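Now for the letters of each chain:
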Amino acid sequence: MVNQEKNDLVLDVENIHVHFNTRDGIVRAVNGLNLKLHKGETVGLVGESGCGKSQTARAILNMVPSPGTIVDGTVRLYTKESPTPLELTAFDPEDKTIRRIRGKNIAMIFQEPMASLSPVHTIGNQIIEAIRLHDGLEPAAARNKAADLLGLVGIPDPKRRLDNYAFQLSGGMRQRAMIAMALSCDPSILIADEPTTALDVTIQAQILQLLYRLQNELGMSILLITHNLAVVAATAHRVAVMYMGKIVEETTTEALFDDPKHPYTIGLLRSVPQLDDDDQKELWAIKGNVPNPYATVSGCPFHPRCDKFMAGKCDVVEPNLAEVAPGHKVSCLLFEESGRKRDAAGERIEAREGEGK
Amino acid sequence: MTAYIVRRLLFIIPTLIVISIISFIIIRLPPGDFLTMYMSTLMEEGAEINHELIEALRRQYGLDRPAYVQYSRWIWGILSRGDFGYSFEWGQPVRALIGERLLLTMVISVGSLLFAWSIALPVGIYSAVKQYSLPDYIFTFLGFIGLATPNFLLAIIFMYIASQYFGTGAGGLFSPEYADAAWSFGKFVDFLKHLIIPLIIVGTSGTASLIRITRANLLDELKKPYVEAATAKGLSKARRVLKYPVRVALNPFVSSIGFVFPQIVSGEIIVSVVLNLPTTGPLLLRALLAQDMYLAGSFVLMLAVMTVFGVLLSDILLAWLDPRIRYD
C-alpha cells in the first residue's frame, strides 16, 4: 500500500491507539487513527477539546505523557537519508534515535508560548541549546544562528532579543520565538499544536502568515492541530476531522467547506456563527456533549449526537473511513449504503475490537 | 540587580532598629531585674543583704534609670565601641563571653543548613521524578519521622547509642584533652569529629521539611508545558529535568535559608543544652533564667541579626536565580 503512494510521503501514521490507564478506567484518547503527511503540505487536524488531537501529536513524537501509552499502531518517518522509513513507534520513548528525531526531523510548537518557554532561561539560551544539541555547533556560531532564526520569524533587533526572558516579550513575540526554536534544525515536519489559541486575533493572523511564509521558504510539512475552523480554512491544504480519537472525515480544505459529508463535520460548520446571520437567529449547536472519555460507544461513536441516526444500524455497526469521492474519505454508514466492501484494514480493526469486548 | 541589592540593604536598617528595641523589651518583660534575682538567691542561702550595696550596684549599672535611657546607652555602646554591656552574673564584658560561642553556633547552623541541603535536594528530586515508587515511599516515611521527632529526643537517642555501642560520649564539641587547648590541627580534626552528630541532629527536621518542599514543587514543575517543550526538542530526561524544572523548583529551596535558618538556630539551643555543646544556646538559656539582661539581650539581638542577614542572603540569591524577581 505504501508503494502505491506518491513518493513524497514524509509521515505515515497508521492505526495508532493511545490509551491512558487511569484509576477510573481506560481513556481511549486516540483510537485507531490513520494520517498521511506529504512534503510541503499542511494538514489541519480539527476537533473539539478532548477528541485526541494533541495526543496524536505526542504519539507521532513517541512522547505520550504518563499514564498514557501507545498500545498499537505505527508511525513511519520517511527521510532523504534513508531508503526505508524509520518506525518511530518501535523505539523506547527515551531512546537516543527518537531523541535525535525530536527537534531535528520533527519539531513541535505548543499552545501557550508563555508556559512552554522556561521562565528562568533566556530565549537565546533555549534556542542555542536546541541548535547545539542537534548540529553540534560552537557556542558563538550557534548564537549567530539563533539570532538569524529570530530575524527569520520577524523579531526585530534579534541579537538583543536573545538575552530576553519569556516574560519580557509580548504573546506574539513569544510564539515567534517558539517557532524560531522549532525551526532551529531545519525540520522536515512541524507539528503545531493549537499555535494561535492563546493569542489575540490580529496576532493569530500574523502567526499563521508567518507559518505559511516559512513553509514556502523552507518546504516543510505542517501538521496544524486546531479546534478553529477559520484557522484551517486559511492555511491547510487538507483537513482531517477528528471525533473521539478517530478521523471521521478527511479531504481537501475546499471540499470540506463546500461539500462536507459527515454529519459531525456538517454540524461543526453550521455552529460557526456568520456575520450576515439574522440577529434573531439562535446560534446552532450540535446536540449533546462530548461523551464521557471512559465510555466506549458501540457502533459509530457519533451516533448518540447524530441527527441522521439510523436505529439498529449506527449503534451496532462501526463505520470505516472509506473513500466516497476522489480524495474524500468519510467514516459514516450513510455512505456505506452503496454496498461498498470493507477493506482489509477495516476488517482487522473490527476483529480486534470484537476480541476486546 | 545592584539597585535591588542596595534597596534590600537599606530596608535592613529600620528592621534592625525595630529588632533591637523588641529584643530589649523582651529582656525587660519579666518583673524585677538581675539584682532582685540576686537578692532572692542570697536570701535563700541565708546571707545578710546589704541594701545600701544593692542600691549602689543598681545605680552603678544604671538599673534605676528609665528604660529608654538604658536602651540608648546599650545601643550607643554597641555602635560606638562594640561594647555589648556587662554580664552581671559572670562579672565579665558580654563581648568576651559571646565571642567564640557565637562562632561555634554559626558553624553548627550553617553546617546543618548545608547538610540539610545536600541531602534534601537529591532526595527531593528523586522522590518527585519517581513519584509513588518504593524509594519515594521510604523517603516520605523517613521524612515524616524526621519532621515529627523533636531534636532533643534525637539528641538523647544519639547520646545513648554513642555511649552504649561505641563507648564514646556524644556530648560536647571537643575531647577533654583539647577542651582548653589553643587551636591546632589536632583540635580542629577533633572538633570536626564531634561536629557530625550535632549537625545531623540539628539538620534533621530542616532536611525533612526541605525534602517535602522540593518534592512538592518539583511535582508541580514537572507537569509544566516547558518540560514537554524540552522533550520535543530532543533533550534527554536527565538534562531536561535538571535544567528546567529543578532550576525553577530551586527558588523555594533558596528562600528556605530565610525560614529554616531561625528554625535551626532555635533548634540548636535545645540540642546544645542536651549535648552540652559550648555554643550560645546554653548560655542564652542561663542568661534568661538569671535575668542577666545585657547578656541575654545581646544574644537575642545577635541571633535576630543573623536571621535578618540570612533572609537578605536568600533574597539576593533568589534575585540572582530568578530573572522575574531581578527585573521586577
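Values in this document were obtained by computation on a predicted structure and should not be read as measured data.

1. Details of the overall build of chain B
Scanning chain B from N- to C-terminus turns up 15 helices and two strands. If one aligns the C-alpha atoms of chain B with their principal axes, the spans along those axes are about 85 × 55 × 40 Å. Out of the 328 residues in chain B, the part that is buried amounts to 46%. Considering only intrachain contacts with a sequence separation of at least 6, the fraction spanning at least 24 residues in chain B is 73%.

2. Description of the sheet that holds strand β4 (residues 68–77) of chain A
All names here are of chain A. What the four strands build is an open sheet, ordered β2-β1-β4-β5; its pairing is antiparallel. The strands lining the two open edges of the sheet, one partner per strand, are β2 (25–38) and β5 (86–87). Judged from the two bridges that link them, β4 and β5 form a sheet pairing that is antiparallel. If you follow Leu77 over to β5, its bridge partner there is Leu86. Where helix α1 (residues 53–60) meets the sheet, its contacts fall on β1 (9–22), β2 and β4, and the angle it forms with β1 comes to roughly 115°.

3. With respect to unusual backbone geometry
Residues and elements named next belong to chain A. Omega for the bond connecting Ser66 with Pro67 falls within 30 degrees of zero, at 5°, which places this linkage in the cis form. Mapping Pro67 onto the fold places it in the loop between α1 and β4. In this structure, Asp186 is a non-glycine residue whose phi angle is positive, near 45°. Of note, Asp186 is situated in the loop between α7 (171–182) and β7 (189–193). With a relative accessible area of 57%, Asp186 lands in the exposed category. Non-glycine residue Glu194 carries a positive phi angle of around 50°. With respect to the secondary-structure elements, Glu194 resides in the loop between β7 and α8 (201–218).

4. Notes on the pairing of β2(A)
All names here are of chain A. β2 sits mainly inside the fold: 10 of its 14 residues count as buried. Across 11 bridges, the pairing between β1 and β2 is antiparallel. Bridged to His17 within β2 is Asn31. Taken together, β1 and the strand that follows it, β2, pair antiparallel across an intervening segment of two residues.

5. Considering the interface of chain B and chain A
Each side of the interface is counted separately: chain B has 23 residues, and chain A has 28 residues. Of the roughly 2,300 Å² buried where chain B meets chain A, counting both sides, 62% is carbon and sulfur surface. Considering only the side of chain B, the residues that lose the most area to chain A are B:Glu228, B:Ala232 and B:Lys233, jointly responsible for 27% of the buried surface there. Along the contact surface separating chain B from chain A lie five salt bridges. For B:Arg240, the salt bridge goes to A:Glu94, with nearest N and O atoms at 2.7 Å. Run the count over chain B and chain A and you get 11 residue pairs in polar contact (both at pLDDT 80 or more). The set of elements that each furnish at least two residues to the side of chain B that touches chain A consists of α10 (225–233), α11 (237–243), α12 (245–275) and α15 (323–326) of chain B. Take the side of chain B that touches chain A: its biggest share by element is seven residues, from α10(B).

6. What to know about the side chain of A:His262
Residues and elements named next belong to chain A. With respect to the element layout, His262 can be found in the loop between α10 (253–258) and α11 (263–270). Take His262: its relative accessible area is 1%, and that puts it in the buried class. Within the structure, His262 has its side chain in polar contact with the backbone nitrogen of Tyr264 (distance 3.0 Å). Here the side chain of His262 touches Ser331 through a polar contact of 3.0 Å, landing on its backbone oxygen.

7. So, the nonpolar core
Among soluble globular proteins, nonpolar side chains are generally buried collectively. Formed by 75 residues in total, the largest nonpolar core has its most connected members in A:Leu11, A:Ile106, A:Ile179, A:Ile191 and A:Leu223. Excluding its chain neighbours within four sequence positions, the residues that come into contact with A:Ile106 are A:Leu11, A:Ile60, A:Leu61, A:Leu77, A:Leu88, A:Ile101, A:Pro187, A:Ile189, A:Ile191 and B:Ala232. Within the second largest apolar cluster, 56 residues are counted, among which are B:Phe34, B:Leu104, B:Phe261 and B:Val265.

8. Re the domain arrangement of chain B
Residue and element names in this part refer to chain B. Along its sequence, chain B is carved into domain 1 (16–81) and domain 2 (99–321). Once you take the C-alpha centre of each, domain 1 and domain 2 turn out to be 36 Å apart. Every contact between the two is made by 17 residues of domain 1 and, on the other side, 15 residues of domain 2. Taken together, both faces of the contact between domain 1 and domain 2 bury some 1,400 Å²; the carbon and sulfur share is 76%. On the surface where domain 1 and domain 2 come into contact, there are zero salt bridges. Seen at the junction of domain 1 and domain 2, the total is zero residue pairs in polar contact (both at pLDDT 80 or more). Among the elements that line the side of domain 1 that touches domain 2, the one with the most residues is helix α1 (residues 2–28), at six residues. Here the side of domain 1 that touches domain 2 is composed, by residue class, of 12 nonpolar, four polar and one charged.

Rules of the game
- Residues numbered from 1 in each chain as written.
- Chains lettered and ligands numbered in written order.
- Predicted model: local features only at pLDDT ≥ 70, side-chain atom pairs only at ≥ 80, totals over all residues.
- Heavy atoms only, no water.
- Helix = DSSP H or I, 4+ residues; strand = E, 2+ residues; numbered from the N terminus.
- Buried < 20%, exposed > 50% of the residue type's maximum accessible area, 1.4 Å probe, protein only.
- Contact = heavy atoms within 4.5 Å.
- Pairing = 2+ DSSP bridges.
- Axes fitted to C-alpha atoms, helices over the stretch in contact; angles between N-to-C directions.
- Buried area = accessible area lost by both parts, 1.4 Å probe.
- Salt bridge = Lys/Arg side-chain N within 4 Å of Asp/Glu carboxyl O.
- Polar contact = N/O pair within 3.5 Å; in protein donor to acceptor, adjacent residues only side chain to side chain.
- Core = buried A, V, L, I, M, F, W, Y, C linked by side-chain atoms within 4.5 Å.
- Domains from an automatic or database assignment.
- Nonpolar A, V, L, I, M, F, W, Y, C, P; charged D, E, K, R; others polar.

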